[in-house]
Amino acid sequence: MKMAYGSSQSSSSSGVERRHAARKPARGSASVKTQTGTLRGAAVDISPAGVCLTLPEPLQVGATYTLALHIEGQLEPEVSVLGRVCFCIEHSGRYRVGVNCSLDDCFR
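Residues numbered from 1 in each chain as written. Predicted model: local features only at pLDDT ≥ 70, side-chain atom pairs only at ≥ 80, totals over all residues. Heavy atoms only, no water.

Trainee: What should I look at first to understand the pattern of salt bridges in this one?
Mentor: It is possible for side chains bearing opposite charge to pair when their charged atoms get close. If you walk through the whole model with that rule in mind, you get one salt bridge. Where Asp45 meets Arg23, a salt bridge forms, and the shortest distance between an N and an O atom there is 2.9 Å. In this pair, Asp45 is assigned in strand E4 (residues 37–47) and Arg23 in the loop between strand E1 (2–3) and strand E2 (24–25), connecting sequence segments 22 residues apart. The class for Asp45 is buried, based on a relative accessible area of 18%. (Salt bridge = Lys/Arg side-chain N within 4 Å of Asp/Glu carboxyl O. Helix = DSSP H or I, 4+ residues; strand = E, 2+ residues; numbered from the N terminus. Buried < 20%, exposed > 50% of the residue type's maximum accessible area, 1.4 Å probe, protein only.)

Written out as structure tokens, the structure reads:
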């Protein structure tokens, strides 16, 4: 696995997990609006505080993007949110991207 555009923010330097909300596996699609167009990808996991995506291109860590999420089995079938990228890791020719955003409405 190769780091891209920054490092993972999900663990502290002591190796202790810093997430405050439990993630659960997700099935669904995601669209991310960038300055040059829209990237389409898939959701890997989701929590009330964010989502992990796989995308064909990297996103800039620390940057804010608008996401459209279509997650199977959630109360809201389609959600549009603004989120900040906290990590972007190259993985098998694609990018695993962690986005910090408020998805509380999906979990009610």
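Picking up after the structure, the text goes on.
Trainee: Just checking my understanding: could you explain the environment of Pro25 for this structure?
Mentor: Mapping Pro25 onto the fold places it in strand E2. The exposure class assigned to Pro25 is exposed, which follows from its relative accessible area of 75%. Measuring from C-alpha to C-alpha, the distance between Pro25 and Ala43 comes to 8.4 Å, with 18 residues separating the pair along the chain. In contact with Pro25, not counting residues within four places along its chain, are Val44 and Asp45. (Contact = heavy atoms within 4.5 Å.)

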